[in-house]
Structure formats: C-alpha cells, structure tokens
Amino acid sequence: MFKAYVTEGGHHKLSGLSGVLHVDLINTENKIDQSIKLRLDSGVCWGDFALPDSLPTGNYRIRAYTQWMLNSGELDFFDQPIAVGSIIKRVITDSGMKQRLHVIRSQADIQFFPEGGTLVEGIEAKVAFKAIGINGLAIDVKGVIFDRLDKQICAFESSHLGMGYFFLKPERGNAYKAKLTFSDGTQNIVDLPKQEASGISLSLINDSISTVGILIAANEAYYKANRNKDFLLVIYSGGKAMTYSSKQEDPIVTLDIEKKLLQTGVSKITLFSPDGEPLCERLLFVQNNDLLGLQIRANKTGYRKKEKVSLVLNAISPTGSSIDGHFSLTITNESKVPVNENNESNIETNLLLTSDLKGYVEQPGYYFNDTGEDVRRNLDLLMLTQGYRNFEWKQVLRDNTSVLAFQPEKGLEINGRITNLSNKPIANGTVTLIPSKGGALVSCKSDSKGLFHFSNLVFFDTTHIVLSAVNSKGNNTTKITYINTNYESPVVIDLPYTLPILEDTGMSIYLGIAQKGHDEFNNFGPGKGKLLNPVTVKAVRQDDHYRTQSLVGAGFADQVMHADDIERVGGLLSTSLNGRLRGVSFLGGIPYLTSSIQNSSITPAGPMLLVIDGAEIKPDVNFNIDFISSPQVETVEVLRYASAGIYGMDGANGVLVITTKDGSEANKDIASIGILPIAPIGFYKARTFYSPKYDHANGDSTGPELRATIYWNPEIRTGKDGSAILDYYNADDKGIYKVIVEGVDRDGNIGRLVYRYKVE
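On a predicted model such as this, the values are computed, not experimentally measured, just so you know. (Residues numbered from 1 in each chain as written. Predicted model: local features only at pLDDT ≥ 70, side-chain atom pairs only at ≥ 80, totals over all residues. Heavy atoms only, no water.)

K.L.:
Outline the overall build of the chain, supporting the account with residue identities and numerical values.
P.N.:
A tally of regular secondary structure across the chain gives ten helices and 47 strands. Looking at the 760 residues of the chain, the share that counts as buried comes to 47%. Counted over contacts in the chain with a minimum sequence separation of 6, partners at least 24 positions apart contribute 68%. For the chain, the accessible area works out to roughly 37,200 Å², and carbon and sulfur atoms hold 50% of it. (Helix = DSSP H or I, 4+ residues; strand = E, 2+ residues; numbered from the N terminus. Buried < 20%, exposed > 50% of the residue type's maximum accessible area, 1.4 Å probe, protein only. Contact = heavy atoms within 4.5 Å. Areas by Shrake-Rupley, 256 points an atom, 1.4 Å probe, with all protein chains shown as cover.)

Here it is, written out as structure tokens:
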C-alpha cells in the first residue's frame, strides 16, 4: 500500500494540474508486472499492489508518473526500489537476477567532479570523487594524483560512502592522473578531466550555518577577453529564481547569500555568460527551520496487547499557526519490522533530496537524522558528486511556451470514430455515452474526420458502457469504432546502478519472524489453523456488486434466445424478438412485461431494465434496443419477477439481458453498427487496510495476532485547528510500536514525525 503526492516542482505545493496518476510495479526482469491508474484529487491519491505468493523474490521498483511528466522523459518519474521476500522456500532463477547482474562491473570504478563543472588552468579547484564497487554500491578508495611527468601533486582518501575531495590547480600544458587503491584490494590508474585553457569557475564557501559564500574566478585569458562584462548569477530554490548581476571588474568576484532566503532542500546556483549561455553550476543543500511541526498525543503512556489506542495528531506551520494538511500514518512493531534509519526513504528524502540528484542515493535518511557538522560536510559531497538532473534553464529565463507533446489528463477518456457503411467519415454525427446503472447520458459531436472524444470521465475498475451513434439526419446505421487510448507505458529503462540486495535490509529478519508467525498460526487451538487451497473466482465487478456476465445455465433466466434464432427473422431487433419472447412486448423498441402493459390503467409500471454486456440501462426515447443490430447479438435473456430479484429494485419491472458478439473484445479497437458496448478500464479502487477490533483487551479467543504492520491510514486530513483523531487496536505482540506520520500542507510545507510507545 502506498500514498502519492504530486507536487509543483520546487514549490512542493500539491498540484491540481493532472487528474490521473499512472503507477507501475516493475519486476526483477525490468518488465511491468502490474499497472494501475489512480484518480488524483488536488495532487493526492493512494493505492496498492496485491503480491501473489508465486512472485519471485528480489528487487522490484515502483514507478509513478502523470501524462504531463512524459514531456520531460523518465528522469522526472518517481522510481523507488523495494525488496520483495517470501517465506515460501524457492530458488531465484537466473532471469530473476538480471536486474542486478546487468550493471555489475568487472572492477571498481571512480568518477571525478570538478566543482562548478570544469577545471580551468591557473585556478585552484575542489575536485570531488565517488568510488563504486563491482556491485554498484559505494566503496572506499585512496589514491595519489600525479602530473604528466609522474610528479606527485597530492594524496586523497574517501571519507563517506566512497566520496571525498582534494584541491588541484591545473597548470598550462599539463595533464593529471590518479593512481587508485580500492578497499577490495584492486588498483587502477584513471585520467582526470582535462582543463580549459580559458575559462571561469564557480565555487562555494559553505562553512557557515547562516550564509554561503559564492566565488567566481576567471583565469587570465578569460578575464582579458571578458573584463567589465555583465554576467548573471541565478539561484533557483523552492521553485523561485533569484538573479544577481555580476560585473567581471576583477578576476575574482565574491558574493555572500543568507541561507534564510532559500528553502530547505537542493538549491541550484548557475552562472550565465553575457549571452545567456550557462557556464558553471553548483548544487547547495540548505537546511532551514521551515518544515512542518508535527506532534502526537496519546491517551496513555503505556498499553497492553490488543488494547485500543487513541492518538491526536497536531500539525503546525513553520510560522506557528495550525494548518490544514494531508498526511499518512503507518504503525509497525519494530521487533518485527526492523529498519536501519539511515537507509530509510521517505517524503523528506525524496522531495527535498533524491529527486534532484542522479542515480541511486545510498542511505538517504542519514542526511536527515542528524544535522551535525560531519553530516553537513558529507551532504555537500553528495551535492558535488551526484549532480543536478534534467533542469532546463531556458524555460526559466525565457519563459519558453513551446507546444508540448503531452497535455495534462484531467480524467479518463473514451475516443473513437464514426463512419458510414462504406467507411467514409461522418461529420457532425451525435455519439452518446450511456453509463451503467442508468447514469446521466453524455453526448458529443464528431468532427470532420468522424472522430469523437469524451474527456474528464470518472469511473472505476472495469466499467461497462454503451456507445450509440446517429448521423446528422438521425439515422443509426452508423459504424462506431472504439479506439483504445490506453497508450503503451513508457519503456522501462535499466537502472544505471545496483539495488540493495535483501540481506542489506531487514528483510531476512522480517521473513524469519513471519515464518514463526506462520508456524504459530498452524499450531493454534484444538483444531489448529489450516491454509485453504487457492480458489479463482471470475466475475464482472459493477458498483461493488459481483454478478456473472452471462446468466445462461445459472438457473436465473426464464427464457434464452440465441444468435441463430434472432438472425432468422432479421430486421429491427424489437421486430425479431416481438412475439417470440414470452411475456414481453415492445413499444418503440422499449421492452415491457406484457402484464404491465395490460394492467397499466390499474398499476402503471415502467419499462424493463436493459443489461447490455453488463451495463445496466433504463431504456427511453434516447436509447432502446433497436439501436442494436440483430446480427450483433449473441444471446437475449428474459428475467421476470423472482428471477429478476438478483438485480434488486432495479429489476422490479423485469430484466432483458443482451450479450453482444463484440462484448468480449472490449479492450481492443473494435467496431459495430449503431451501438457498441465497451468495457474500458477505469480508476483503481484502493483496498482498505484491515485493522481488527477487539471486545476485550488481551482476549485469547481470537487466536494469535500475526500482524507486523499494526495500522495504515493513507489519508489523515487535519482540520482548520490543525488536529486529527484516530483510533485503532494493538496487535497480540509486546514491543516498541513505531508510529510514522508524514505529509504536505496546502502551501507545500513538508512534515515527518516518528513517535514510539511501549506495549507490554
């Protein structure tokens, strides 16, 4: 289960631009295993993936994106690795290991990153580096820098997760290389990036908590060519760009910026030439006191097993006022779900850090669990080594308004084309969308190419819908083609890094505890627990009611007429059926029970309910069965009185069930004459997390409690007073229960809180 927040870039404000979020579960072979569409409400939604026990164990990924994000490519997608384990013993196949093996290197590797982007002759620069082991994760390294004459310039050694730095002042005509020794014993010699003969550099002095110094240095050649020219310094933070004019009056220009002017997170500092060309860029991470203040108050200091717990959540803005926000809450028993806090990925690490960096960021939680000097220094190393990603300065500086290929999806769409029987487009025809359960009819006109388009629709799961069409003269001998607009998901790109293996997480411990709970369940009580064999149920889901699509042979239909009998008479469908269906009469193509017509002066009754390929329709002058051509029908079933009871009050006047020959082709581009039943896939309905309630605390009658996750609530909305109340029950285990709350308010402020209490 998961919660999704779609925000406006650096603003972090919840976005109302898109109404559809696409979420993929990518398996160990880098292929989409499951894909769902979620309805976004002001940038917020939640969902889940059901993982079958037959799923291979390994590293999976959750990928999420909107159609609007396709304009920037996959680098803007949310892409989060997750480890999947199982207590069922099985061997991971070779194909299941591909996601790791395709990136494993033959030897350890290292990359060098000059501060600001390039080395410049005559200017001393900080050069950061990051070493990667054969498994794709960080590895310690030490080495020595030599020039082209093998003269030693300096030595260096990594200080955190394979990262470190040294200073180098390149000389004209010289070249440099690094002789390396990795912690796994391997050695290598690597060339450093070449320096520019004429250039300018950008560096930061980031020793102070309150200010950052910006130093712009030009070497002699560049300074002579650009003396007294106006350069532009742009600082992009929190979705806003601050600009500073910098006249190159001297070879070195300095500027001090107060960090309180910047928003917590990654800021991008870029130097532009007088012609608007980006020259140097440097990332800076700022930690200000501008996050949400979250508090939890419990009704007790300690609890018993299976006891009811009441918590009060309070959210306070950075200015001290109560706020209205969207939050999620997870409660786990830490003894069952152990985690390394440094490895944790959460709303803070993603929105404030990793979404602005390249590649896999190891131990993202480390940079937020402590704000000491060592962490700040290592965080700056991360800024120097993993760079900014896919940021177009032209759009900021020039307000680029070019036409984009993908527009925001506000809702679901149904598209198609109408033609005459000779396949020529019909312009200005009327296409009507008839939803199930007798919902409101929606109509649109076809364009000059015969195309029609219904947009901003909201429906869930697989919904049965009927399309009908007439030409401009009202003739319904019109061919309708449904064009499935479920475009193919973007190609899954291979990760350029290795995901953590299961043993590097708490998965092994968790699986061991899960196995123990499984055994306890099987040994519980006099009769012991018993796992049932799996049962597959195939049905059509419609408005939370499950009914078989065809009633033939199920004992419900009072009469069934098949295609051969229907086509034998031909003509209008009502003409073919009239007098042949017992107890049914047709008036203008609308079916009535004969008894209803005969007794209408005494007890007036409405028309029969139509069910066309699962879509329930109340017929009227705008839609009747003559919109369906006889050759299109597979079966017609009549349900009267008691037989129609399965449809509740909707079937009080009888039910006519029509199954078309095209109904089974609903997910393809299909065509039909006059009327076309379709079954498009709608928004996914997220499951509700099961949280039991107990009449008596510590009651043993319910058996052992096997939950590792005690409670999950994807949407907790604080009111105007900034508070929310929630109740739940503890599980049947002692231990330290961990409560995690995180979310966003309407102004884009982010908050996260970890709270613990003891259960004895």
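K.L.:
If you had to explain the pairing of strand β5 (residues 58–65) to someone new, which residues and values would you point to?
P.N.:
With eight of eight residues buried, β5 is to be regarded as a mostly interior element. Pairing of strand β2 (residues 20–26) with β5 involves five bridges; the strand directions are antiparallel. The residue of β5 that forms the bridge with H22 is Y65. (Pairing = 2+ DSSP bridges.)

K.L.:
Explain the pattern of salt bridges to me, and be specific about the residues and the numbers.
P.N.:
Counted according to the given criterion, the structure contains 25 salt bridges. Here R172 makes a salt bridge to E121, at a shortest N to O gap of 3.6 Å. With R172 in the loop between β12 (163–168) and β13 (176–182) and E121 in the loop between β8 (119–120) and β9 (125–132), this pair connects stretches of sequence that are 51 residues apart. With a shortest N-O distance of 3.1 Å, K224 and E220 are connected by a salt bridge. Of this pair, K224 and E220 both sit in helix α2 (residues 220–226), four residues apart, which is roughly one turn of that helix. The same class applies to K224 as to E220, namely exposed. (Salt bridge = Lys/Arg side-chain N within 4 Å of Asp/Glu carboxyl O.)

K.L.:
Before we move on, could you go through the sheet that holds strand β26 (residues 325–333) and cite the residues and values that matter?
P.N.:
An order of β24-β47-β46-β26-β44 is seen for the five strands of this open sheet, with the pairing classed as mixed. Unpaired on one side and paired on the other, β24 (302–303) and β44 (709–717) mark the two borders of the sheet. Across two bridges, the pairing between β24 and strand β47 (residues 750–759) is parallel. Looking at β47, one finds that G302 is bridged to K758.

K.L.:
Let's hear about the nonpolar core: which residues, and what values?
P.N.:
Ranked by size, the top nonpolar core spans 26 residues in total, and within it L577, L581, F623, L656 and I658 carry the most contacts. Put simply, the parts of the chain that give this core at least two residues each are β31 (465–470), α9 (573–577), β36 (584–587), β38 (609–612), β39 (615–617), β40 (633–639) and β41 (655–660). Among the elements that make up this core, the one with the highest residue count is β40 (three residues). In this structure, I658 is in contact with L573, L610, V611, I612, D613, I625, I628, V633, T635 and V636, ignoring residues within four places of it in sequence. (Core = buried A, V, L, I, M, F, W, Y, C linked by side-chain atoms within 4.5 Å.)

K.L.:
Give a description of helix α5 (residues 373–386) that names residues and reports values.
P.N.:
Helix length check: α5 (14 residues) gives 20 Å between terminal C-alpha atoms against 20 Å at 1.5 Å per residue, within 8%. Along α5, ten of the 14 residues are buried, which leaves the element largely enclosed by surrounding structure. Within the sequence span of α5, burial applies to V375, N378, L379, D380, L381, L382, M383, L384, T385 and Q386. Buried positions along α5 lie against β7 (109–114), β9, β12, β21 (265–272), β22 (278–286) and α4 (366–369). Just downstream of α5 lies G387, where phi reads positive at about 60°. (Expected span 1.5 Å × (residues − 1).)

K.L.:
For unusual backbone geometry, give the residues involved together with the corresponding values.
P.N.:
Even without being a glycine, N428 presents a positive backbone phi close to 60°. Examined against the element boundaries, N428 turns out to sit in the loop between β27 (412–419) and β28 (430–435). A residue is classified by how much of its surface remains accessible, and N428, at 44% relative accessible area, is partly exposed. One non-glycine residue with positive phi stands out, namely Y641, at about 50°. With respect to the helices and strands, Y641 occurs in the loop between β40 and β41.

K.L.:
How would you summarise the environment of T709 if you had to cite specific residues and measurements?
P.N.:
When you line up the elements, T709 lands in strand β44. Take T709: its relative accessible area is 29%, and that puts it in the partly exposed class. A sequence separation of 20 residues divides T709 from F689, and the C-alpha atoms of the two residues are 9.8 Å apart. Non-local contacts of T709, meaning those with residues more than four positions away in its chain, are made with T330, I331, T332 and F689.

K.L.:
Can you explain the side chain of N333? Please cite residues and give values.
P.N.:
On the secondary structure map, N333 appears in strand β26. At 3.2 Å, the side chain of N333 forms a polar contact with the backbone oxygen of K734. (Polar contact = N/O pair within 3.5 Å; in protein donor to acceptor, adjacent residues only side chain to side chain.)

K.L.:
Got a sec to walk through the confidence of the model for the chain? Specific residues and values, please.
P.N.:
The share of residues in the chain with pLDDT of 70 or more is 82%, and the mean pLDDT across the chain is 83. For residues 90–103, every residue scores under 50 in pLDDT, and the model assigns this stretch 29 contacts once sequence neighbours within four places are set aside. For the stretch residues 538–554, pLDDT sits under 50, and the model shows 36 contacts to residues farther than four places along the chain or on other chains. (pLDDT = per-residue confidence, 0-100.)

K.L.:
Quick rundown of the sheet that holds strand β16 (residues 200–205)? Include the residues and the values.
P.N.:
Taken together, three strands build an open sheet; the order of strands is β16-β17-β20 and the sheet is antiparallel. One side of each edge strand has no neighbouring strand; the edge strands of this open sheet are β16 and β20 (252–258). Going across the sheet, the axis of each strand differs from the next one's by a mean of 20°, ignoring polarity. In the sheet, β16 pairs with strand β17 (residues 211–218) via six bridges, with the strands oriented antiparallel. The residue of β17 that forms the bridge with S201 is A217. (Axes fitted to C-alpha atoms, helices over the stretch in contact; angles between N-to-C directions.)

K.L.:
Provide a residue-level description of the packing of aromatic side chains, including the pertinent values.
P.N.:
Per the counting criterion, the structure on display carries 17 aromatic pairs. Ring geometry for F112 and F166: centres 6.1 Å apart, planes at 70°, overall edge-to-face. Taken together, the positions of F112 in strand β7 and F166 in strand β12 put the pair 54 residues apart, joining distant regions of the chain. For F112, a relative accessible area of 10% translates into the label buried. Above the plane of the ring of Y165 lies K126, whose end atom (NZ or CZ) is 4.6 Å from the centre. Note that K179 overlies the ring of F146, its terminal NZ or CZ placed 4.4 Å from the centroid. (Phe/Tyr/Trp six-rings, centres within 6.5 Å; stacked < 30°, edge-to-face > 60°. Lys NZ or Arg CZ within 6 Å of the ring centre and 35° of its normal.)

K.L.:
Hey, could you go over the environment of R376 for me, with residue numbers and the actual values?
P.N.:
Within the element layout of this structure, R376 appears in helix α5. On the accessibility criterion, R376 (32% relative accessible area) is partly exposed. Separated by 91 residues in the primary sequence, R376 and F285 have C-alpha atoms spaced 8.6 Å apart. Beyond its immediate stretch of four places on either side in the chain, R376 contacts I209, Q287 and T371.

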